[in-house]
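So the chains spell out like this:
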Amino acid sequence: QVQLVESGGGLVQPGGSLRLSCAASGRVFRINDMGWYRQVPGLQRELVARITSGATTNYADSVKGRFTISRDNAKNTVFLQMNSLKPEDTAVYYCNAQVVTMTSWVYQDYWGQGTQVTVSS
């Protein structure tokens, strides 16, 4: 019913920057919170950043001061600007959104397909 399409991942050198985008499409009525998570093979998926519908943000301690999450409500899109990237930021990054669809009454979680971010020299 809802698709989250991510883009912007890739290979970057330490200290470099990337900007991830995630656009929700389909039977979207309203979107509440949106966020970015990341996962390394063998480890649990962890929260990177979240942003509420009112633009309140929360960040993992490991990315504070380096990453910035933002959203464009008119385009149902969330962004993650990643600066000063470190090798430990290497992971698959997943977009998450709490969405009320045209046929539902409550918010449900939807996930993007994941985009690879590799930080290496």
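Residues numbered from 1 in each chain as written. Predicted model: local features only at pLDDT ≥ 70, side-chain atom pairs only at ≥ 80, totals over all residues. Heavy atoms only, no water.

**Student:** An account of the state of the cysteines is needed here, citing residue identities and associated values.
**Tutor:** In this structure the tally under the stated criterion is one disulfide. Put simply, C22 and C95 are joined by a disulfide, and their sulfur atoms are 2.1 Å apart. Looking along the S-S bond of the C22-C95 disulfide, the torsion reads about -85°, which is the left-handed sense. Placement of C22 in strand β3 (residues 18-26) and of C95 in strand β9 (residues 91-101) is noted, with a sequence separation of 73 residues between them. Grouping residues by exposure puts C22 and C95 together as buried. (Disulfide = S-S within 2.5 Å. Helix = DSSP H or I, 4+ residues; strand = E, 2+ residues; numbered from the N terminus. Buried < 20%, exposed > 50% of the residue type's maximum accessible area, 1.4 Å probe, protein only.)

**Student:** Which residues make up the sheet that holds strand β1 (residues 2-7), and what are the values?
**Tutor:** Read across the open sheet, the four strands follow the order β1-β3-β8-β7; overall the sheet is antiparallel. With partners counted over all chains shown, the strands left at the sheet margins are β1 and β7 (67-72), one partner each. Strand-to-strand twist in this sheet, taken as the mean axis angle between neighbours without regard to direction, amounts to 15°. Bridge analysis of β1 against β3 gives six bridges, and the strand direction is antiparallel. If you follow V2 over to β3, its bridge partner there is G26. (Pairing = 2+ DSSP bridges. Axes fitted to C-alpha atoms, helices over the stretch in contact; angles between N-to-C directions.)

**Student:** A description of the pairing of β3 should follow, citing residues and the corresponding values.
**Tutor:** Pairing between β3 and strand β8 (residues 77-82): six bridges, direction antiparallel. Note that in β8 the partner of R19 across the bridge is Q81.

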